[in-house]
Amino acid sequence: MDQHKGNMIATYSESRQGNIVKAGSTKGFMNLGYERYSLEKTSSRQKQIQMVDHIFELLKPEVNEDIADVGCGIGGAMTRLLSTFSVKSVTGFNIDPLQLEACRSLLEEYRVVQRAHLNEVNLEEEGLRGQLFDKIYGIEILTHIRNKEKFLQHLYNGIKPGGRLVLAYTTLARPFHEFRGEDQEFMLKIGEYFKETPEDFLTERDYKELLSDVGFREEMTVNVSDHVFPHRHAHMAKTYAQLNSKNLIVKTVSSYYWKNKERCDIDYLNTFLKDQIAKHQCRMYEYYLTAWRK
């Protein structure tokens, strides 16, 4: 590695650490937002909270329950759960120590850290380390998991009999091979960030089969794509209109795609997304909330 590239990566790492810790003490949420079609203007943070609240509606937290947040991020959902419901405890699992540091700061800020536990763990490899929970939820974690069947088996083993699992995830709107060549190329570019191949691009049917094969029983699945994507696409289109003359890089698909520019061809992604907005063909993905029982 040449010195220039090494300096760039070091700068990125330092900036990332500062941004994550700062986010943990102020915002706390990394998930996509949920628009309830209110006539009142809502901020990105309000939309993220609305998404988390909908997830908790499916989770149905109860008094004295031990709950796990798999892929807890920087603590927004954990903090809201502990602040809103009289559960016994919430245990967060995350592979990233910087995010866990920010998560702990947020829990302390809201004075709910006494009922919280944090674990730095590779969930795909280590699972929940033998712990058992009444309920488990995971928000947008499946995108980061390569062996999804193994991961879901870990979750099944970590839930008490009769316990509930709630997941929020993005799927393909239809099988990968049914998309046009340019759409497939775009998906592969996005997949480079997550080290995904076409075999990792799953539909809702694929996820249901995986969950059923592991042993879970479906309670409810809700397609919330119409609440998640339209306002984001409208925001992206507006941003392009504002910045088109300045020829600036737009960072509106999802911020983490752009944190390491060496992993993605930014010019390609922006050009393609602009074309999709112009053609009104943005719906390549669907967003689901789903509840399952052991």
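Residues numbered from 1 in each chain as written. Predicted model: local features only at pLDDT ≥ 70, side-chain atom pairs only at ≥ 80, totals over all residues. Heavy atoms only, no water.

Student: Sorry, what's going on with the nonpolar core here?
Tutor: Within soluble globular proteins, side chains that are nonpolar tend to cluster in buried spots. Of all hydrophobic cores here, the largest spans 28 residues; its most connected members are I55, F56, M78, Y137, I139, Y287 and L289. Residue assignment for this core shows that the elements contributing at least two residues are α2 (44–59), α3 (76–84), α4 (97–109), β4 (133–139), β5 (159–172) and β7 (285–293). No other element matches the six residues that α2 contributes to this core. In terms of nonpolar packing, the next biggest core, distinct from the first, is built from 26 residues, V70, L165, Y207 and Y288 among them. (Core = buried A, V, L, I, M, F, W, Y, C linked by side-chain atoms within 4.5 Å. Buried < 20%, exposed > 50% of the residue type's maximum accessible area, 1.4 Å probe, protein only. Helix = DSSP H or I, 4+ residues; strand = E, 2+ residues; numbered from the N terminus.)

Student: Which parts of the structure should I look at to understand the packing of helix α6 (residues 148–157) against helix α8 (residues 204–214)?
Tutor: Any two packed helices are characterised by the angle at which their axes cross and by the distance between the axes. One can describe the packing of α6 onto α8 by two numbers: an axis separation of 9 Å at closest approach and a directional angle of 45°. On the basis of the axis angle, α6 is oblique to α8. Relative to α8, α6 is oriented so that their crossing is right-handed. Mapping the contact onto sequence places K148, E149, L152, Q153 and Y156 in α6 and Y207, L210, L211 and V214 in α8. (Axes fitted to C-alpha atoms, helices over the stretch in contact; angles between N-to-C directions. Parallel < 35°, antiparallel > 145°, perpendicular 65-115°, else oblique. Left-handed = near helix turned anticlockwise from the far one by under 90°. Contact = heavy atoms within 4.5 Å.)

Student: Explanation requested: the sheet that holds strand β2 (residues 89–94) in the structure shown.
Tutor: Two modes of strand pairing occur in sheets, parallel and antiparallel, and in both the strands are linked by backbone hydrogen bonds. Reading across from one edge, β3-β2-β1-β4-β5-β7-β6 is the order of the seven strands in this open sheet, with mixed pairing throughout. The open sheet terminates on both sides in strands that have one partner only, identified here as β3 (116–120) and β6 (217–223). With direction set aside, neighbouring strand axes in the sheet form an average angle of 15°. Together, β1 (66–70), β2, β3 and β4 form the strand contacts of α3, whose direction differs from that of β2 by roughly 175°. (Pairing = 2+ DSSP bridges.)

Student: For this particular structure, what's the right way to read α2?
Tutor: Count 3.6 residues to each turn of an α-helix, and residues three or four apart come out pointing the same way. Over its 16 residues, α2 runs 23 Å from end to end, which matches the ideal 22 Å to within 8%, given 1.5 Å per residue. Turning to α2, its buried residues are K47, Q48, I49, Q50, M51, V52, H54, I55, F56, L58 and L59. In the segment just after α2, K60 is the residue with positive phi, at about 55°. (Expected span 1.5 Å × (residues − 1).)

Student: Where do I start with the packing of aromatic side chains in this structure?
Tutor: Think of a pair of aromatic rings as described by two things: how far the centres are apart, and how the planes are tilted against each other in angle. Scanning the model with the defined rule gives seven aromatic pairs in all. Ring plane angle 85° and centroid distance 5.6 Å describe the contact between F56 and Y137, whose orientation is recorded as edge-to-face. In this pair, F56 is assigned in helix α2 and Y137 in strand β4, connecting sequence segments 81 residues apart. Residues F56 and Y137 agree in their burial class; the two are buried. The rings of F56, F85 and Y137 are connected pair by pair, giving a single aromatic cluster. R174 extends its terminal NZ or CZ atom over the ring of F179, reaching a point 4.0 Å from the ring centre. The cationic tip of K294 hangs over the ring face of Y156; the distance from NZ or CZ to the ring centre is 4.7 Å. (Phe/Tyr/Trp six-rings, centres within 6.5 Å; stacked < 30°, edge-to-face > 60°. Lys NZ or Arg CZ within 6 Å of the ring centre and 35° of its normal.)

Student: Any chance you could explain unusual backbone geometry here in plain terms?
Tutor: Backbone geometry follows two general trends: most residues other than glycine have a negative phi, and most peptide bonds adopt the trans configuration. Look at N64: it is not a glycine, yet its phi comes out positive at around 70°. Residue position: N64 is located in the loop between α2 and β1. With relative accessibility at 57%, the residue N64 sits in the exposed group. The backbone phi angle of R111 is positive, close to 60°, even though this residue is not glycine. Tracing the backbone shows R111 in the loop between α4 and β3.

Student: Would you mind going over the environment of T91 with me for this structure?
Tutor: Among the secondary structure elements, T91 is positioned in strand β2. For T91, a relative accessible area of 3% corresponds to the buried category. Placed 23 residues apart in sequence, T91 and A68 show a C-alpha to C-alpha distance of 4.7 Å. If near-sequence neighbours (up to four positions away) are discounted, T91 is found in contact with I67, A68, D69, M78, H117, N119, Q131 and F133.

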